[in-house]
Amino acid sequence: QVLLVESGGGLVQAGGSLRLSCAASGRTFSTVTMGWFRQAPGKEREFVAHIRRNGGLTNYADSVKGRFTIFRDNAKSTVYLQMNSLKPEDTAVYYCAADLTGLAYQATRAYQYWGQGTQVTVSS
């Protein structure tokens, strides 16, 4: 069992920055692959970013590449999503997710555990 708690969401103007955090408990964090997803009103949940267990390999959705950075601090059992140059279309509830198999990438169904989500609103 893995418990995930997101924080750091809020309201920001276009062009601004936010850093989301996701604290994990219940499992040795360094063995868990982590992902960030988002869901806007009326839309399906979509992949944002992914980081492998050791933090050496990251992947991003094309829509956020070059603006968002995912990184992790295994000593703090926390994964972060640094979001820069935010756009109104980034407005969504952001979720972190955990995969214990090491096989997950972009598919939501590949992740076994999910946080409760944190709202990010970008005003124009």
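Located above this text is the structure these notes cover.
Not measured: the values here are computed from a predicted model.

Help me out: how do you make sense of the sheet that holds strand β7 (residues 68-73) in this one?
Across a sheet, strands are paired by hydrogen bonds formed along the backbone, either parallel or antiparallel in direction. Taking strand neighbours across the sheet as the criterion, the four strands line up as β1-β3-β8-β7 in an open arrangement whose pairing is antiparallel. Among the strands making up the open sheet, the edge pair consists of β1 (3-7) and β7. Within the sheet, the average angular offset between the axes of one strand and its neighbour, ignoring direction, is 15°. Taken together, the six bridges between strand β3 (residues 18-25) and strand β8 (residues 78-83) define a ladder with antiparallel strand orientation. Bridge pairing links C22 to V79 in β8.

It is not clear to me how the pairing of strand β11 (residues 118-123) should be interpreted in this structure. Could you clarify?
By the alternation rule, side chains of β11 split into T118, V120 and V122, which are all buried, and Q119, T121 and S123, of which none is buried. Inspection of the sheet shows strand β2 (residues 10-13) paired to β11 by four bridges, in the parallel sense. Looking across to β11, one finds that V12 is bridged to V122. In the sheet, strand β9 (residues 92-99) pairs with β11 via three bridges, with the strands oriented antiparallel. Directly across from Y94, in β11, lies its bridge partner T118.

Honestly, the pattern of salt bridges in this entry has me stumped. Any pointers?
It is possible for side chains of opposite charge to pair when their charged atoms get near one another. One pass over the full model with this rule turns up four salt bridges. Between R67 and D90 there is a salt bridge, with the nearest N and O atoms lying 2.8 Å from each other. Of this pair, R67 sits in the loop between β6 (58-60) and β7 while D90 is found in the loop between β8 and β9, placing the two residues 23 residues apart along the sequence. As far as burial versus exposure is concerned, R67 and D90 are alike and both buried. Here the residues in one salt-bridge network are R38, E46, R67 and D90, joined through shared partners.

About the criteria used
- Residues numbered from 1 in each chain as written.
- Predicted model: local features only at pLDDT ≥ 70, side-chain atom pairs only at ≥ 80, totals over all residues.
- Heavy atoms only, no water.
- Pairing = 2+ DSSP bridges.
- Helix = DSSP H or I, 4+ residues; strand = E, 2+ residues; numbered from the N terminus.
- Axes fitted to C-alpha atoms, helices over the stretch in contact; angles between N-to-C directions.
- Buried < 20%, exposed > 50% of the residue type's maximum accessible area, 1.4 Å probe, protein only.
- Salt bridge = Lys/Arg side-chain N within 4 Å of Asp/Glu carboxyl O.

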